Amino acid sequence: GVAASQTLDVPRERAGLLRALGVHAEPERARSEKAHMKSELDFLGVGVPAIRRVAAEWSRAHRELDPASLRALVEALVVGSDVFDERSLGIAILARHRRLLGRADL
């Protein structure tokens, strides 16, 4: 895990998380989801259970995550991405670490 005093290497972590999502990608599901949601976003076709699993595995490996690193990672995954599944993963990670959030994060 990352010690509280260290900063998270956000680009490296994001790349690893995207690879982890890619393992669960289903191209046919991705096409169907994109059409159903009429979205401009890209889709990998990763189901919610797999997204939650990836979030849980990453979170277990980063128990010492600090609030600033959490915010930076989630911003990269959610705001910095045009991939629906990556955004969903960012939200799942945020939910798992909600104890790090304060009122100002609302």
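None of these values were measured; they are calculated from a predicted model.

Participant: Is there a simple way to think about the nonpolar core in this case?
Facilitator: One finds Leu17, Trp58, Leu73, Leu89 and Ile93 to be the most contacted residues of the largest nonpolar core, which totals 20 residues. Put simply, the parts of the chain that give this core at least two residues each are helix 1 (10-23), helix 3 (48-61), helix 4 (67-78) and helix 5 (84-96). Setting aside anything within four residues of it in sequence, one finds Trp58 in contact with Leu8, Glu13, Leu17, Leu65, Leu73, Ile93 and His97.

Participant: Before we go on, may I ask you to explain the confidence of the model for the chain in this structure?
Facilitator: One rule of thumb: low pLDDT means the predicted coordinates there are not for detailed reading. Of all residues in the chain, 94% attain a pLDDT of 70 or more, and the chain-wide mean is 92. Confidence over residues 1-5 falls short of pLDDT 50; this stretch has 10 contacts with residues more than four positions distant or in other chains.

Participant: How do you make sense of the packing of helix 1 against helix 5 when you look at a structure like this?
Facilitator: Between two packed helices, the angle of one axis relative to the other and the distance separating the axes together describe the packing. Taken N-terminus to C-terminus, the directions of helix 1 and helix 5 make an angle of 110°; their axes are 11 Å apart at the nearest point. One finds that helix 1 runs roughly perpendicular with respect to helix 5. Once helix 1 is placed against helix 5, the crossing between them reads as right-handed. Contact with helix 1, carried on its side by Arg14, Leu17, Leu18 and Leu21, involves Asp85, Glu86, Leu89 and Ile93 of helix 5 and no other residues of that element.

So, how was this worked out
Residues numbered from 1 in each chain as written. Predicted model: local features only at pLDDT ≥ 70, side-chain atom pairs only at ≥ 80, totals over all residues. Heavy atoms only, no water. Core = buried A, V, L, I, M, F, W, Y, C linked by side-chain atoms within 4.5 Å. Buried < 20%, exposed > 50% of the residue type's maximum accessible area, 1.4 Å probe, protein only. Helix = DSSP H or I, 4+ residues; strand = E, 2+ residues; numbered from the N terminus. Contact = heavy atoms within 4.5 Å. pLDDT = per-residue confidence, 0-100. Axes fitted to C-alpha atoms, helices over the stretch in contact; angles between N-to-C directions. Parallel < 35°, antiparallel > 145°, perpendicular 65-115°, else oblique. Left-handed = near helix turned anticlockwise from the far one by under 90°.

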